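# Structural overview
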Amino acid sequence: MADRLTREQRSRNMAAVRSKNTAPEVLARRAAHRVGLRFRLHRSDLPGSPDFVLPRLGIAVFVHGCFWHGHRCRRSKLPKSNVEFWTEKIGKNRDRDRKARAALAKLGWRVVVLWQCRLPDLETAEKRISSEVLRLARSGRRSCRNVVSTPSRGNRLKSAPRRRRTTANKTDRDTPSVDRSGR
């Protein structure tokens, strides 16, 4: 079956596909935030530049589009035109993903891969992220003492309360006291 679009139109469409802040990635981040996870985005200093990382837990999260990363689901069917190109491209993407996961593991990071087809809505994404991340957090080497379970919203990660520095007020310490009694 021939492509319905001209070569220029197809090229324009493919050039518009983003690599960051895709709809599944934004959905996964919203779900992670609702579950109580706090994260850093697109750490380019890490292999594969994970979509978001949980530094305190040592977990890197990739949100993969089924087509681009060759997931074995209905969304990942290859186009019927230019099959050799797409087979090679998606094969290279899968190899690059495998190498990035191995390099992250070698650096001590644990990796979670979330697939586009498994994140259809916010509620499902919340459940999937909770189960995947909490499973790794509870089994991992890094400190996981802040992992708790709350009945109202399922499993959540609670941040430890921050300690505030207590220092004397500078004005109280540096200025002489003033007698206001009127004597």
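Residues numbered from 1 in each chain as written. Predicted model: local features only at pLDDT ≥ 70, side-chain atom pairs only at ≥ 80, totals over all residues. Heavy atoms only, no water.

## Details of unusual backbone geometry
Of note in this structure, S49 is not a glycine but carries a positive phi near 45 degrees. Residue classification places S49 among the partly exposed residues on the basis of a relative accessible area of 26%. The phi angle at N82 is positive, at roughly 60 degrees, despite the residue not being glycine. Topologically, N82 is positioned in the loop between α3 (66–69) and α4 (83–106). (Buried < 20%, exposed > 50% of the residue type's maximum accessible area, 1.4 Å probe, protein only. Helix = DSSP H or I, 4+ residues; strand = E, 2+ residues; numbered from the N terminus.)

## What about the sheet that holds strand β1 (residues 40–41)?
One open sheet holds the 4 strands; their spatial order is β1-β2-β3-β4, and the pairing between them is mixed. Either end of the sheet is taken by a strand with one partner, and the two such strands are β1 and β4 (110–115). Pairing analysis gives 2 bridges linking β1 to strand β2 (residues 52–54), with the strands arranged antiparallel. Counted as the bridge partner of L41 is F52 from β2. Across the face of the sheet, helix α5 (residues 122–139) comes into contact with β2, β3 (59–64) and β4 while running at roughly 170 degrees to β4. (Pairing = 2+ DSSP bridges. Contact = heavy atoms within 4.5 Å. Axes fitted to C-alpha atoms, helices over the stretch in contact; angles between N-to-C directions.)

## Concerning the environment of F39
Take F39: it is sitting in the loop between α2 (23–35) and β1. Once the C-alpha coordinates of F39 and D51 are considered, the two residues, 12 residues apart in sequence, prove to be 9.9 Å apart.

## A short note on the pattern of salt bridges
Throughout the structure, instances matching the rule amount to 7 salt bridges. The salt bridge involving R34 is made with E126; its shortest N-O contact spans 3.1 Å. Residue R34 is found in helix α2, and its partner E126 is found in helix α5; the two are separated by 92 residues along the sequence. Residues R43 and D45 are paired through a salt bridge, measuring 2.9 Å at the closest nitrogen-oxygen approach. Under the relative-accessibility criterion, D45 is labelled exposed at 55%. (Salt bridge = Lys/Arg side-chain N within 4 Å of Asp/Glu carboxyl O.)

## Description of the confidence of the model for the chain
When pLDDT is averaged along the chain, the result is 77, and 73% of the positions lie at 70 or above. Low confidence marks residues 142–163, where pLDDT is under 50. Its contacts with residues over four positions away, or in another chain, come to 47 contacts. Predicted confidence is poor over residues 169–173, with pLDDT under 50, and the contacts of this stretch with residues over four places away or in other chains come to 1 contact. (pLDDT = per-residue confidence, 0-100.)

## As for the packing of aromatic side chains
Within this structure, the stated rule accounts for 5 aromatic pairs. Each residue in the set F67, W68, F85 and W86 is aromatic and connected to the rest through ring pairs, giving one cluster. (Phe/Tyr/Trp six-rings, centres within 6.5 Å; stacked < 30°, edge-to-face > 60°.)

## Considering the pairing of β3
Most of β3 is tucked away: 6 of the 6 residues are buried. Burial along β3 is two-sided: I59, V61 and V63 and A60, F62 and H64, pointing in opposite directions, are all buried. Both β2 and β3 contribute to a ladder of 3 bridges, which runs antiparallel. Looking at the pairing, F52 lines up with V61 of β3. From the end of β2 to the start of β3, which pair antiparallel, there are 4 residues, and G58 there has a positive phi angle of about 70 degrees. With 6 bridges joining them, β3 and β4 adopt parallel strand pairing. The residue bridging V61 from the neighbouring strand is V112, located in β4.

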